[in-house]
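Take a look at the letters that make up each chain.
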Amino acid sequence: MNMGISDVTLQGLFGPLSGSSYCVLASTQLTTPLKQLKSKRRKCSFYMKLQSYSGIDPNLLLINGAQVKSFQGKAERNRSQFLKCQCQRTDGIPGISSEDGNGAWLKGHSGAKRQFEATAQKVFDIEEIKQVRHDNEEIILNDDKSASTGAVKFAPPKRKGSSIEDEALHLLQESVVHYCGTPVGTIAAKVLTDVSALNYDQVFIRDFVPSGIAFLLKGEYDIVRNFILHTLQLQSWEKTIDCHSPGQGLMPASFKVRTVPLDGDDSATEEVLDPDFGEAAIGRVAPVDSGLWWIILLRAYGKCSGDLSVQERIDVQTGIKMILKLCLSDGFDMFPTLLVTDGSCMIDRRMGIHGHPLEIQALFYSALLCAREMLAPEDGSADLLRALNNRLIALSFHIREYYWVDMKKLNEIYRYKTEEYSYDAVNKFNIYPDQIPPWLVEWMPDIGGYLIGNLQPAHMDFRFFSLGNLWSIVSSLATTQQSHAILDLIEAKWSDLVADMPLKICYPALDGQEWRIITGSDPKNTPWSYHNGGSWPTLLWQLTIACIKMNRLELAARAVEVAERRLSIDKWPEYYDTKSGRFIGKQSRLYQTWSIAGFLVAKQLLAKPDAAKILWNEEDAEIISAFNFMTDSGSPRRKRGRKPLKKTYIV
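Residues numbered from 1 in each chain as written. Predicted model: local features only at pLDDT ≥ 70, side-chain atom pairs only at ≥ 80, totals over all residues. Heavy atoms only, no water.

- As annotated in an unreviewed UniProt entry, the chain carries the name Alkaline/neutral invertase and is attributed to Dendrobium catenatum.
- Turning to the chain, the UniProt annotation filed under Catalytic activity (unreviewed entry) states: "Hydrolysis of terminal non-reducing beta-D-fructofuranoside residues in beta-D-fructofuranosides." (UniProt positions renumbered as here; feature names shortened; annotations may be inferred.)

So this is what it looks like as structure tokens:
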């Protein structure tokens, strides 16, 4: 492992290091809650080391480079991602419940123990609801219970529907996971039943993004900063050739805080961060989008808090570069889009999106722009920036030109000639006109259009994928005209894409023989359920940002109003089933954190639209110029390069 700081250098700074591994100092905020513990309890080893070397910059990160003991199987693993911290004894510390063995509920205040030892279901039972407003179907929860939690206090909104927002804020605070006394993320869902938690009790990088944005908009920056720095230490830092090990630069899909007995002392415990790179995931698929979301959240943190010191740190700069190198590495693919497998993004089950799914391309484009904005100018970054700029231009042209479909484009595809060879070919991907599905012929409105879900040789996936289209607007991957057309389509097809609960993750659903072949007869992905055409409330926040960017606030407000009628009553489900979204998903988890956070962020941004600028990307002047150059008159071969710049763009 190489982070620019060798073991010899570390020993020179600190003297001989005790133990077989180094500790991780991920945040200067870690010291405050530890000071409050009684001296008879065991303190975190990294805090004691910090006390011993008080002259050292607390922002310096020490990377765990030795073997550490895994909680699962008690086997030795040579993985730098398994973070470890010797923590306080659990007896006598208020607010700790270690029954589930994950240590995720370390609160540090007197109210926490009561909340988690009492039945959590009772707090949010329907009998607890004080009043129902019949005029707008809003729920008002018991405010006294919210006030007794000891959570970070937010200024209560004074707008209509504030009671639902108060409930959402309360639930978001209750989902916070602590590591050695500091908040590091939010769990995927609050499990209130005896059903197996699977990985819903873990902190997912993609799931935390709306939670992090909600905290940023409320001025709560510490949890986002801690999350960024701790997940950075979970990043894979070593090159591997083992097909069962993560490649260098890969970010985990999720992590879990575990409380385990300390070696040699049964009366003391230690907390560890246990990452999952896909080894334990359903389908064993590595997450492609985690690193892209991490970069996007890092930029949002700096723009919202004004604290640019985090993105300027050497270790953070190194983490950004490793993600970029992993995404920009050479391969057998000839397209500028990012080649990925099925299940590597929000749609994390087999849904026929392998290849070049739109969602990944939109996130990839956004992450490239964010990274270019944050990368420190230095000699070592010159080649990376050059490759980044070339990819941005080629990627933008490729998506805008070949992924776009409206009535005009559909007519063009309908008349395609096939088996064309040469640079002058119009049908470059050999798409057969018979691939146009019958539903699309009737469904496509006269005004509006969208970016298709996927494009491969001899195949176009004509399904509408919400996240990919919305983030193409947010990132400016779609042109201004295309962005308005996408929102026009959503408005025109409101009954299909929004209906009784926003927002369809994709449209239409796979069914019949197509469902059996593509999904493998997945019983969770039955038509109009889960990822196969289910409705996901968390998509509200992406829709809101896209509408604000295009000055279409009324569209977002309309969708939020639809969701507001039911989300609280239905206990904040993960997703909804049926074509209109009228039923809570048959396997949907309740009190799903990103459903809660997505609603909160949408409400916050509608009240304060200017805040959305921390997330969107403005269209780049050089990209506009290059796009205009490649689409002007002239031979297709000429469009492949810009002679004045002596660059080549593979489109």
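From this point, the narrative continues.
1. Quick word on the side chain of serine 366
1) Next: For serine 366, the position within the fold is in helix H13 (residues 358-374).
2) Next: The buried category is assigned to serine 366, whose relative accessible area is 0%.
3) Next: Excluding residues within four positions of it along the chain, serine 366 makes contact with Ile296, Trp471, Ser475 and Asn617. (Helix = DSSP H or I, 4+ residues; strand = E, 2+ residues; numbered from the N terminus. Buried < 20%, exposed > 50% of the residue type's maximum accessible area, 1.4 Å probe, protein only. Contact = heavy atoms within 4.5 Å.)

2. A look at the sheet that holds strand E11 (residues 404-406)
1) Next: If you trace the four strands from one edge of the open sheet to the other, you get E11-E12-E13-E14, paired in antiparallel fashion. The two strands at the open ends of the sheet, each matched to only one other strand, are E11 and strand E14 (506-507).
2) Next: Against the sheet, helix H15 (residues 407-414) contacts E11 and strand E13 (459-465), and its axis sits at roughly 100 degrees relative to E11.
3) Next: Where helix H18 (residues 480-492) meets the sheet, it contacts E11, strand E12 (449-456) and E13, and its direction lies at approximately 105 degrees from that of E12. (Pairing = 2+ DSSP bridges. Axes fitted to C-alpha atoms, helices over the stretch in contact; angles between N-to-C directions.)

3. What to know about the nonpolar core
1) Next: Core analysis: the biggest nonpolar cluster contains 158 residues, and Trp294, Ile320 and Tyr450 have the highest contact counts within it.
2) Next: When residues in this core are grouped by element, the largest group, 12 residues, is from H13. (Core = buried A, V, L, I, M, F, W, Y, C linked by side-chain atoms within 4.5 Å.)

4. Side note on unusual backbone geometry
1) Next: Across the junction of proline 502 and leucine 503, the peptide omega takes the value 5 degrees, indicating a cis bond.
2) Next: On the secondary structure map, leucine 503 appears in the loop between helix H19 (494-497) and E14.
3) Next: In this model, tyrosine 507 is joined to proline 508 through a cis peptide bond whose omega is -5 degrees.
4) Next: Relative to the assigned elements, proline 508 resides in the loop between E14 and helix H20 (512-519).

5. Thoughts on the environment of leucine 543
1) Next: Tracing the sequence through the fold places leucine 543 in helix H21 (residues 540-549).
2) Next: Judged by its relative accessible area of 1%, leucine 543 is buried.
3) Next: Note: C-alpha distance between leucine 543 and leucine 487 (56 residues apart in sequence) is 9.1 Å.
4) Next: Non-local contacts of leucine 543, meaning those with residues more than four positions away in its chain, are made with Leu470, Ile490 and Ala559.

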